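Here's the letter readout for the chains.
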Amino acid sequence: MSATTDTEHLATGVGRAVGGALLFALPLFMTMEVWRLGHTVERYRLALLVLATVVLVIGLAHYFGAGPGGVSRAGYLADAGVALVVALLTASVVLVVLAVIDPVQDRQSALSVVVIEILPAAIGASYARSQLGAGSRRPQAPRYGHEVFLMAAGAVVFAANIAPTEEVVLLAAKLGERNAAVLVVLSLVLMHGFVYWVGFGGQEEATGFLRSFRNLTVVGYVAAFAVSAFLLWTFGRFDGVGLPVVVGQTVVLALPASVGAAAARLIL
Amino acid sequence: MSESDRQGGEPEPEPERTSTGEYVLGGLGGLLVLLLLGFLIYQAAVVRDTGPELSVTVTGVETAGNGWSVHYRIANTGGQTAVQVQVTGVLSRDGTEVEESSATVDYVPPGSRRSGALLFSEDPGSGDLQVRPSGYSLP
């Protein structure tokens, strides 16, 4: 491969990654609560969030075909690195230009805001790169572990955009036990319907209702629920509140998270 | 995609290698993330949350409209964000208070500065002006 095509290839890959990062993370760049969260979230929670982001991006690069030829270990690790660096730079540049963060006057919270924002940005970058031409490889028969991982990633994308907002707290406060229970059922029905009933592009054949419901829909909902709980905890929504509120908030956030989980199985 | 598509439909894409540029960029990404993690963990483990430590300095006085504005800068050298910070300036002459002015700063994160101005109708230069933070709450 000549140097020119190499450079072009790199430029295309990076360009797509920037596009993906913006597509997935722009709503969160422009969410006020995130700017405030930058001042309050403890450092160890942010460190855990970065760790989760890294694991997620490496997993995405590994399972879902990375950029060009990301088959070897070094290949997909390099790919995850590219997605992360693009996410970091995109988030920093956009947030500085929007005057959300001021790296000179306000280093600490600038860092915190960027750290929160790279989660969806890195997933977007990674996803966009995985669509890069011949290099993208999709496992022909996705293994079960991959599917569950994929659902968790989809849940993260949707949940990350909503988890920082005050609306989750408000909705959970207004939600009674009965509505919470109905919401869980509704989430499950939506998830199952998305994948098996309504005929979107990547629709799958159900291998027996009970089996696919138990193995994928219920497990996917559990993944979405866990992702929601982790994000809410990270943003301090569980601090000083009782168990009913914790469960209520998680159930509320698990609705978009489970739709994201189902959509991820169709799209990726 | 049906079985036949997979086998014969499209030619097997030739296995591309990750280019050097991508390795470099990827390595940079890894390095940045490690630095970020290291910094966050260092801050979490080593830097104690000491609570906000606020200090105010007057950066300038100028006439504004019918009065004077006293520009201040408030800095937080502690380990925690202070919100709803009250900045109060008291102008006294010969031991008696002439005028008081205050402003609220939304929030001052650790290691950060915020600027603003207090407005006076009396000339602040004509007496003894004291500007200090007078209260805050924790987020």
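Just so we're clear, the structure is a prediction, and the values are computed from it rather than from any experiment. (Residues numbered from 1 in each chain as written. Chains lettered and ligands numbered in written order. Predicted model: local features only at pLDDT ≥ 70, side-chain atom pairs only at ≥ 80, totals over all residues. Heavy atoms only, no water.)

S.K.: Honestly, the overall build of chain B in this entry has me stumped. Any pointers?
M.R.: On a plain count of helices and strands, chain B comes out with 2 helices and 6 strands. In chain B, the succession of α and β elements from N to C terminus is α-α-β-β-β-β-β-β. A total of 139 residues make up chain B; the buried ones form 35% of that total. Long-range pairs, those at least 24 residues apart, make up 63% of the contacts in chain B between residues at least 6 apart in sequence. Of the roughly 8200 Å² that chain B leaves accessible, carbon and sulfur atoms contribute 50%. (Helix = DSSP H or I, 4+ residues; strand = E, 2+ residues; numbered from the N terminus. Buried < 20%, exposed > 50% of the residue type's maximum accessible area, 1.4 Å probe, protein only. Contact = heavy atoms within 4.5 Å. Areas by Shrake-Rupley, 256 points an atom, 1.4 Å probe, with all protein chains shown as cover.)

S.K.: Any chance you could explain the packing of helix α6 (residues 144–162) of chain A against helix α10 (residues 243–267) of chain A here in plain terms?
M.R.: The relative placement of two packed helices is expressed as an angle between their axes plus a distance between the axes. Residues and elements named next belong to chain A. α10 packs onto α6 with a crossing angle of 135 degrees between their chain directions and a minimal axis gap of 7 Å. Taken together, α6 and α10 sit at an angle that is classed as oblique. The chirality of how α6 crosses α10 is right-handed. Mapping the contact onto sequence places Glu-147, Leu-150, Met-151, Gly-154, Ala-155, Phe-158, Ala-159 and Ile-162 in α6 and Leu-253, Pro-256, Ala-257, Val-259, Gly-260, Ala-261, Ala-264 and Arg-265 in α10. Looking at the contact of α6 with α10 residue by residue, the classes come out as 12 nonpolar, 2 polar and 2 charged. (Axes fitted to C-alpha atoms, helices over the stretch in contact; angles between N-to-C directions. Parallel < 35°, antiparallel > 145°, perpendicular 65-115°, else oblique. Left-handed = near helix turned anticlockwise from the far one by under 90°. Nonpolar A, V, L, I, M, F, W, Y, C, P; charged D, E, K, R; others polar.)

S.K.: It is not clear to me how the layout of surface pockets should be interpreted in this structure. Could you clarify?
M.R.: If you roll a probe as big as a water molecule over the atoms, it shows you where there is empty space left. Roughly 920 Å³ of volume is contained in the second largest pocket. Around the second largest pocket, the lining comprises 37 residues; the ones closest to its centre are His39(A), Thr40(A), Val41(A), Glu42(A) and Pro139(B). Of all the secondary-structure elements, those providing two or more residues to the lining of the second largest pocket are α2 (32–40), α3 (43–63) and α5 (107–130) of chain A together with α2 (20–45) of chain B. Counted by class, the lining of the second largest pocket contains 14 nonpolar, 13 polar and 10 charged residues. (1 Å grid on protein atoms, 1.4 Å probe; cavity = no way out; pocket = protein on both sides within 12 Å on 5 of 7 lines; lining within 4 Å. Points joined across faces, edges and corners; volume = space filled by probe spheres on them.)

S.K.: Please explain the domain arrangement of chain B as it appears in this structure.
M.R.: Size of an interface: often given as the accessible area lost when the parts come together. Splitting chain B by domain gives domain 1 (17–47) and domain 2 (54–137). Centre-to-centre, using C-alpha coordinates, domain 1 of chain B lies 41 Å away from domain 2 of chain B. (Domains from an automatic or database assignment.)

S.K.: Looking at this structure, I do not really get the packing of helix α9 (residues 209–234) of chain A against α10(A). What am I missing?
M.R.: Residues and elements named next belong to chain A. Viewed as axis vectors pointing N to C, α9 and α10 meet at an angle of 125 degrees, and their least axial separation amounts to 8 Å. Classified by the angle their axes make, α9 and α10 are oblique. In the crossing of α9 with α10, the sense of the turn from one axis to the other is right-handed. Only Gln-249, Thr-250, Val-251, Leu-253, Ala-254, Ala-257, Ser-258 and Arg-265 of α10 make contact with α9, whose side of the interface consists of Leu-216, Tyr-221, Ala-224, Phe-225, Ser-228, Ala-229 and Leu-232. When the residues that make up the contact of α9 with α10 are grouped by side-chain class, the tally is 10 nonpolar, 4 polar and 1 charged.

S.K.: Mind showing me how you'd approach the pairing of strand β4 (residues 96–108) of chain B here?
M.R.: Remember that side chains alternate between the two faces of the sheet whenever the strand is regular. All names here are of chain B. Both strand β3 (residues 82–93) and β4 contribute to a ladder of 11 bridges, which runs antiparallel. Within β4, the residue paired with Ala-82 across the bridge is Val-108. In this structure, the hairpin formed by β3 and β4 is closed by a connection of 2 residues, where Asp-94 is found at a positive phi of approximately 50 degrees. (Pairing = 2+ DSSP bridges.)

S.K.: Which parts of the structure should I look at to understand the pairing of strand β1 (residues 54–64) of chain B?
M.R.: All names here are of chain B. Summarising the sheet, β1 and strand β2 (residues 67–76) pair through 10 bridges and their orientation is antiparallel. Paired with Thr-57 across the two strands is Arg-73, which belongs to β2. The hairpin formed by β1 and β2 contains 2 residues between the paired strands, and Gly-65 there has a positive phi angle of roughly 60 degrees.

S.K.: How should the interface of chain A and chain B be read in this particular structure?
M.R.: The partner chain B presents 33 residues to the 37 residues of chain A that form the contact. A combined buried area of about 3100 Å² lies between chain A and chain B, and 64% of that area is made up of carbon and sulfur atoms. Taken together, the connections running from chain A to chain B amount to 2 salt bridges. For Glu22(B), the salt bridge identified is with Arg129(A), shortest N-O distance 2.7 Å. Run the count over chain A and chain B and you get 3 residue pairs in polar contact (both at pLDDT 80 or more). Looking at the side of chain A that touches chain B, the elements with two or more residues in it are α1 (3–29), α2, α3, α4 (73–97) and α5 of chain A. Here the side of chain A that touches chain B gets 8 residues from one element, more than from any other, and that element is α4(A). (Buried area = accessible area lost by both parts, 1.4 Å probe. Salt bridge = Lys/Arg side-chain N within 4 Å of Asp/Glu carboxyl O. Polar contact = N/O pair within 3.5 Å; in protein donor to acceptor, adjacent residues only side chain to side chain.)

S.K.: Help me understand the packing of aromatic side chains in this model?
M.R.: Two descriptors summarise a pair of aromatic rings, namely the distance from one centre to the other and the angle between the planes of the rings. The full count for this structure, using the stated rule, is 4 aromatic pairs over all chains. Following the ring pairs from residue to residue traces out a cluster consisting of Tyr44(A), Phe230(A) and Trp233(A). (Phe/Tyr/Trp six-rings, centres within 6.5 Å; stacked < 30°, edge-to-face > 60°.)

S.K.: Got a minute to help me understand a nonpolar patch on the surface in this structure?
M.R.: Residue and element names in this part refer to chain A. A cluster of nonpolar side chains, Val-185, Val-189, Trp-197, Val-198, Phe-209 and Leu-210, forms an exposed patch at the surface whose accessible area comes to about 640 Å². Looking at the nonpolar patch, the elements with two or more residues in it are α8 (177–196) and α9. Assignment of secondary structure puts Trp-197 in the loop between α8 and α9. (Patch = residues over 30% accessible without salt bridge, like charges linked within 9 Å, V, L, I, M, F, W, Y side chains within 5 Å.)

S.K.: How should the domain arrangement of chain A be read in this particular structure?
M.R.: Residue and element names in this part refer to chain A. The assigned domain composition of chain A is domain 1 (1–138) and domain 2 (139–268). For the pair domain 1 and domain 2, the summed buried surface comes to about 2400 Å²; carbon and sulfur atoms form 75% of the total. At the surface where domain 1 touches domain 2, the tally comes to 1 salt bridge. Between Asp-239 and Arg-45 there is a salt bridge, with the nearest N and O atoms lying 3.2 Å from each other. Put simply, domain 1 and domain 2 have 3 residue pairs in polar contact (both at pLDDT 80 or more) between them. Those elements giving two or more residues to the side of domain 1 that touches domain 2 turn out to be α1, α2, α3 and α5.

S.K.: Looking at this model, I keep getting lost on empty space enclosed by the protein. Mind explaining?
M.R.: Residues and elements named next belong to chain A. For the structure on display, the rule yields 2 cavities of 30 Å³ or more. Of all the elements in the fold, those that place two or more residues in the lining of the second largest cavity are α8, α9 and α10. Ranked by residue count, the leading element in the lining of the second largest cavity is α8, at 3 residues. Residues that form the lining of the second largest cavity fall into these classes: 5 nonpolar, 2 polar and 1 charged.

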